[in-house]
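# A look at the structure
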Amino acid sequence: EAGVAQSPRYKIIEKRQSVAFWCNPISGHATLYWYQQILGQGPKLLIQFQNNGVVDDSQLPKDRFSAERLKGVDSTLKIQPAKLEDSAVYLCASSPRPVARYNEQFFGPGTRLTVL
Amino acid sequence: AQKITQTQPGMFVQEKEAVTLDCTYDTSDQSYGLFWYKQPSSGEMIFLIYQGSYDEQNATEGRYSLNFQKARKSANLVISASQLGDSAMYFCAMREGGDSGGSNYKLTFGKGTLLTVNP
């Protein structure tokens, strides 16, 4: 079974530029998460989708960040315009429709963003 | 207040020895879940072990076990017989809310512990 795919793996941009990240979850997984992991910290949830609907975006900086999952499969996270403090690893995770008792989240390899 | 506290920024252990990574949590929910993830230098988060708040026995998965002390709100990870490949960041995380299959399974992570296994 293929895992969670993310691209690009690395991105370097200048502040005020725009950037987009792509995530393809494990086939059949209904729930998709985007996390931001700043160096030296644990991941922080930015947004959670259930199919193509948003479940939780309370920690998404909506003035510059946006995300979509139009067909309930893959997802795109965009930052426009980027700030220096957006430098981080952006992790995508997916989990199946809750059937497993603990609904484990499966993570992709992440996209490392550097804003100069 | 932090919901997940990992007080050990770094830990060292000799190969083949056991090591305990500390995690304390804060929640007012009666039903919750605790997770441990491993993050090697490649960056991917790897699920290790889960403990539900109503589980009566401590969780075990191979060389990993979770020392769950509910009254103390601690969920320490024990790795037995450490291997060189265990060198990585380890994160404790909590899901508030039960196992009933609700749709909002948000995880809150601690800051992590960097484990180094010495040969």
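Residues numbered from 1 in each chain as written. Chains lettered and ligands numbered in written order. Predicted model: local features only at pLDDT ≥ 70, side-chain atom pairs only at ≥ 80, totals over all residues. Heavy atoms only, no water.

What follows deals with the side chain of Asp56(A). The topology assignment puts Asp56(A) in strand β6 (residues 53–56). Among the polar contacts made by the side chain of Asp56(A), one reaches the side chain of Ser58(A) at a distance of 2.8 Å. (Helix = DSSP H or I, 4+ residues; strand = E, 2+ residues; numbered from the N terminus. Polar contact = N/O pair within 3.5 Å; in protein donor to acceptor, adjacent residues only side chain to side chain.)

Time to look at the pattern of salt bridges. Residue and element names in this part refer to chain B. Applying the stated criterion to the full structure yields five salt bridges over all chains. Glutamate 96 is paired through a salt bridge with lysine 3; the nearest N and O atoms lie 2.6 Å apart. With glutamate 96 in strand β10 (residues 88–96) and lysine 3 in the segment before β1 (4–5), the pair connects residues that are 93 residues apart, well separated along the chain. Looking at glutamate 96, the relative accessible area reads 26%, which means it is partly exposed. Two residues, lysine 73 and aspartate 26, come together in a salt bridge whose shortest N-O distance is 3.9 Å. (Salt bridge = Lys/Arg side-chain N within 4 Å of Asp/Glu carboxyl O. Buried < 20%, exposed > 50% of the residue type's maximum accessible area, 1.4 Å probe, protein only.)

It is worth spelling out the sheet that holds strand β3 (residues 19–24) of chain A at this point. All names here are of chain A. Spatially, the four strands line up as an open sheet ordered β1-β3-β8-β7, and their pairing is antiparallel. Strands at the two margins of the open sheet, each flanked by one partner only, are β1 (5–7) and β7 (65–68). Taken over all neighbouring pairs, the strand axes of this sheet differ in orientation by 15 degrees on average, direction set aside. (Pairing = 2+ DSSP bridges. Axes fitted to C-alpha atoms, helices over the stretch in contact; angles between N-to-C directions.)

Before going further, it helps to examine the nonpolar core. Residues and elements named next belong to chain B. Judged by nonpolar contacts, the single largest core of 24 residues is most densely connected at Tyr25, Trp36, Ile49, Leu77 and Tyr90. Secondary-structure elements contributing two or more residues to this core are β3 (19–21), β5 (32–39), β6 (46–52), β8 (64–69), β9 (74–79), β10 and β12 (113–118). Element by element, the count of residues in this core is highest for β10, at four residues. Residue contacts for leucine 77: discarding those within four places in its chain leaves Val19, Thr20, Leu21, Trp36, Leu48, Ile49, Tyr64, Ser65 and Tyr90. (Core = buried A, V, L, I, M, F, W, Y, C linked by side-chain atoms within 4.5 Å. Contact = heavy atoms within 4.5 Å.)

Below, the discussion takes up the pairing of β6(A). Residue and element names in this part refer to chain A. Pairing analysis gives three bridges linking strand β5 (residues 44–50) to β6, with the strands arranged antiparallel. Each bridged residue has a counterpart across the sheet, and for phenylalanine 49 the counterpart in β6 is valine 54. With antiparallel pairing between neighbouring strands as the criterion, β5 and β6 make up a hairpin whose turn holds two residues, including asparagine 51 at a positive phi of roughly 55 degrees.

So, on to the pairing of β10(B). All names here are of chain B. Counting buried residues along β10, seven of its nine residues qualify, which places the element largely inside the surrounding structure. Looking at chain direction, β5 and β10 are connected through eight bridges and run antiparallel. Paired with glutamine 39 across the strands is methionine 89, a residue of β10. Pairing between β10 and β12: three bridges, direction antiparallel. Residue pairing for β12: alanine 88 is matched across the bridge by leucine 115.

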